[in-house]
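As a plain string of letters, each chain reads:
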Amino acid sequence: MAIDKALTQMPVGIEEMAQQMMGEPDIEIEIEDPESVAIRADGLEIEIEPGEADEDFYANLAEEIDPSELDTLGSDLLEDIKTDMGSRKEWEDTYKQGLTLLGLKYEERTEPWNGACGVFHPMITEAVVRFQSETIMETFPAQGPVKTKIIGKQTKEKDEAAQRVKEDMNYELTERMPEFRSEHERMLWNLPATGSAFKKVYYDPSQQRQMSVFVPAEDVIISYGASAIETAERVTHRMYKTKNEIRKLQVAGFYRDIDLGDPPKQKNEIQERKDKETGISSLNDDRYILYEMHVNLDLAGYEDEDDGEPTGIALPYVVTVMEGTGEIIAIRRNFYEDDETKQKRNHFVHYVYIPGFGVYGFGLFHLIGGFAKSATSIIRQLVDAGTLSNLPGGLKSRGLRIKGDDTPIAPGEFRDVDVGSGAIRDNILPLPYKEPSQTLYNLLNTIVDEGRRFAATADMKISDMSAQAPVGTTLALLERMLKVMSAVQARVHYAFKQELKLLAAIIRDYTDDSYDYEPEDGQPRAKASDYNMVEVIPVSDPNAATMSQRIVQYQAVLQLSQQAPQVYDIPALHRQMLEVLGIKNVAKLVPSIDDEKPTDPLSENMNMLRLKPVKAFMYQDHNAHITAHTNMIQDPSIQAMVGQSPMATQIMAAAQAHIAEHLAYAYRRQVQDAIGVPLPHPDEKLPEQAEVELSRMVAEGSQIVLAQHQSEAAQAQAQEQMQDPIMQVEMQKLGLQQAEIQRKAAKDQMDAELKAQQMQTDAQLKAGELMLKAEMAGMKQEEAEARFDLESARTGIDIAKSHSTLRLNKSKTKGGSKQ
């Protein structure tokens, strides 16, 4: 198809003018193919071919590989499967024999006579039923089988994410996956009997959700020499699908669209034995057998490369092969696209009862199958012996005739007998059948006890325990009896944890960060990022196999807590004990401090008086809280009322403990203010170097706080002393003494000054007299003598002044020393 008009429409006339000015020819655009465009202009041709779409990494590679190569690969893989099945032939034989020992179907016997006892001893069945019942209650309680554990530092955000993930996972397993519990119980039935059971975890596009289905051990074929399913070279899942199921997957593009033909007539011997024991007959089984192989292959065209060169390393693939025809209907990569190491993705979880020599575990068929077979044989002998003893047979003479020979004689019935000759006893000879043997019965009990003890199903006799026995002794006996079962439960716990991890990964990958589900409590559904913050683990306890064992453990802890109650968190201990007992609404019965919300000081005072939990938070005004709490406990009316309560000691202890909690936070804030650096959360784990540096900073800050507190304490002590009456009297006395000393010093100073003035006056008078004498004695002599005397007088005056000054200084010095 040709397009004549231009790509950009211009007004009429302008287009021709533009072409004349530009000298450009007309552009012809021809679409030859809806997926390609050819543009031609003046001999220039531009072809736009559609770019190749990015290859789907998880696409079915069988659609691209040459059919002849697929046929060759399919034949080779089927040969490998037959080899792997042949390597476990003995294991399958034991499996088939063990199915008979379950005794799920009564055996009609014709030997040694018709109607002989066909009962089976339920030793293995009892152990299987008990294990299934105990384990399903441990791993799948009513509230859900999942709990969460925070990865790394615990924060408020992670706590909320953990709660959302826990609720989301439990909702998925209990509501959206209705088959999960039944599949889990089927697995728990098969596990103890056969020793191995498998779960397959995958995303089902038809269901639009994750799946976890039970796969019997006989349908999981593992290559010889493998020690674990995770590292096996080949793992094959034998699947049974109807034609309609396969067709759905073909239409969805999951399998190649090929002619299926007729289903094969090959039968699974183990499945046939199961059908026989359960009374089910497969008269018209039209299902196809598919082998889904998780195998490492080096496919041509999809080789592993290093710097553009093939390395020859086989990569993980999932290959689906049809039984009988050997047609490969799917090949898909079995590693993540962004995984540079190309590690195999694991879709199977292997539950093991007792690990053995190979990859398959040992079950009760292997461990106590001989005990069960012997017990069955003995119990049949005892029943048959009792039958023969109660209804004995014998010999009679040919001439003896008894009417109604074919019917046994009923109680109180007499029959007519035609005796040929002699007495009746002479014509009848009963065979000497014995009563059931007591020795054989004792042997049966011994075999049963040994088998039950080995299978960990023997019950401890309460009469063997003393009523005054310590809890530790009871716990030790329980642990000894349940040692085997505890180890099995720990292995189940570990495998169940791996299964939950696979399910959580699928849920995370198919969940976005938007909330689209609101549970009943209003909490939003978990986001994809929430699953990266927490680890999903089972609620089961790997350290205790039964409820009785856990109860005894907690009883032992309660006894220890009575000896040192200050060491234990008693409310938390009681909460855990109630949870073990299965009590509902434990948080309401025993409130926890961790559940407390920040409250005002008055509400905290009320809670302390009512002995309810109280908790301090880091951001609170701790000084205000301490003041309010201290005022309450010092209030006389409160003290009087609390003193009459039998719980007075507990109330005061709770108040003091809460005040100490606020005091600790307040001191922490003071040290933080002193160093000027925000401190990490008290529960935060620090690197070694960071902890060392922080310790030094805290030491400096605490020194500053100590100096401040010492200064404040000294000032407070001085103020307190000033307010003391005795100290006030002493201070008044000291003031009076100082005033008296000052008065005496002033008086001494005045006396010294007056004396100095008197001495100066006397010297002046004496000098006048001498001058008069000099005048009278003669002018020269008298003048000389007068001058001499005048100098002497002056000297005396200076000496007097010196004495007066010295005395005054001594008086002042004496007054100061007294002061």
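Conventions adopted
- Residues numbered from 1 in each chain as written.
- Predicted model: local features only at pLDDT ≥ 70, side-chain atom pairs only at ≥ 80, totals over all residues.
- Heavy atoms only, no water.
- Buried < 20%, exposed > 50% of the residue type's maximum accessible area, 1.4 Å probe, protein only.
- Helix = DSSP H or I, 4+ residues; strand = E, 2+ residues; numbered from the N terminus.
- Pairing = 2+ DSSP bridges.
- Axes fitted to C-alpha atoms, helices over the stretch in contact; angles between N-to-C directions.
- Contact = heavy atoms within 4.5 Å.
- Salt bridge = Lys/Arg side-chain N within 4 Å of Asp/Glu carboxyl O.
- Patch = residues over 30% accessible without salt bridge, like charges linked within 9 Å, V, L, I, M, F, W, Y side chains within 5 Å.
- Areas by Shrake-Rupley, 256 points an atom, 1.4 Å probe, with all protein chains shown as cover.
- Lys, Arg positive; Asp, Glu negative; His and termini not counted.
- Charge placed at Lys NZ, Arg CZ, Asp CG, Glu CD.
- Core = buried A, V, L, I, M, F, W, Y, C linked by side-chain atoms within 4.5 Å.
- Polar contact = N/O pair within 3.5 Å; in protein donor to acceptor, adjacent residues only side chain to side chain.
- Expected span 1.5 Å × (residues − 1).
- Arc of directions from axis to C-beta.

> What is the right way to read the pairing of strand E13 (residues 315–322) from this model?
A regular strand carries its side chains on alternate faces of the sheet. E13 sits mainly inside the fold: 8 of its 8 residues count as buried. Of the two faces of E13, the one carrying Leu-315, Tyr-317, Val-319 and Val-321 and the one carrying Pro-316, Val-318, Thr-320 and Met-322 are both buried. As defined by bridge partners, strand E10 (residues 288–297) adjoins E13 across 8 bridges and the pair is classed as antiparallel. When the sheet's bridge partners are listed, Asn-296 is paired in E13 with Pro-316. As defined by bridge partners, E13 adjoins strand E14 (residues 328–333) across 5 bridges and the pair is classed as antiparallel. Across the sheet, the residue bridging to Val-321 is Ile-328, located in E14.

> Would you take a moment to explain the sheet that holds E10 for this structure?
By way of backbone hydrogen bonds, the strands of a sheet pair with one another, either parallel or antiparallel. Taken in spatial order, the 5 strands make up an open sheet running E8-E9-E10-E13-E14, and their pairing is antiparallel. A strand with exactly one partner marks an edge of an open sheet, and here the two such strands are strand E8 (220–222) and E14. Within this sheet the neighbouring strands show an average axis-to-axis angle of 20°, counted without direction. Sheet analysis places strand E9 (residues 234–241) next to E10, joined by 8 bridges and oriented antiparallel. Across the sheet, Arg-238 pairs through a bridge with Tyr-291, a residue of E10. Contacting E8, E9, E10, E13 and E14, helix H2 (residues 67–87) crosses the sheet at an angle of about 95° to E10. Contacts from helix H7 (residues 243–251) reach E9 and E10, with the element oriented near 115° to E9.

> Looking at this structure, how should I read the pattern of salt bridges?
Pairing between side chains of opposite charge can happen when the charged atoms of each approach one another. The tally for this structure, following the rule as stated, stands at 24 salt bridges. Between Lys-89 and Asp-93 there is a salt bridge, with the nearest N and O atoms lying 3.2 Å from each other. Of this pair, Lys-89 and Asp-93 are both found in helix H3 (residues 89–101), 4 residues apart, which corresponds to roughly one turn of the helix. We classify Asp-93 as partly exposed; its relative accessible area is 22%. Linking Arg-743 and Glu-740 is a salt bridge whose minimum nitrogen-to-oxygen distance equals 2.4 Å. Of the two residues, Arg-743 and Glu-740 both sit in helix H23 (residues 725–777), 3 residues apart, roughly one turn of that helix. Exposure remark for Arg-743: the relative accessible area of 45% places this residue in the partly exposed category.

> How do you make sense of a negative patch on the surface when you look at a structure like this?
Where like charges cluster on the molecular surface, the negative patch consists of Asp-298, Glu-303, Glu-305, Asp-306, Asp-307 and Glu-309. Along the chain, the position of Glu-305 falls in strand E11 (residues 305–306).

> Just checking my understanding: could you explain the nonpolar core for this structure?
Residues Ile-124, Met-169 and Ile-222 are the most contacted members of the largest nonpolar core, which totals 69 residues. Per-element tally for this core: the top contributor is helix H14 (residues 483–509), with 10 residues.

> So what exactly am I meant to see when it comes to the side chain of Gln-620 here?
As for its placement among the helices and strands, Gln-620 is situated in the loop between helix H18 (601–609) and helix H19 (622–634). Within the local environment of Gln-620, its side chain forms a polar contact with the backbone nitrogen of Phe-617, the two atoms lying 3.1 Å apart.

> Can you walk me through H19 in this structure?
Residues spaced three or four apart along an α-helix point in a common direction, a consequence of the helix completing one turn every 3.6 residues. With 13 residues, H19 ought to run about 18 Å at 1.5 Å a step, and its terminal C-alpha atoms sit 18 Å apart, in line with that. Buried residues of H19: His-622, His-625, Ile-626, His-629, Met-632 and Ile-633, and no others. Down the axis of H19, the sector holding all buried residues measures 130°, keeping them to one side. Looking at the buried side of H19, the elements it contacts are H18, helix H20 (636–643) and helix H21 (648–675).

> Just to check I follow, could you spell out the pairing of E9 for this structure?
The buried count for E9 comes to 7 of 8 residues, which makes it a mostly enclosed element. Both E8 and E9 contribute to a ladder of 3 bridges, which runs antiparallel. Bridged to Val-220 within E9 is His-237.

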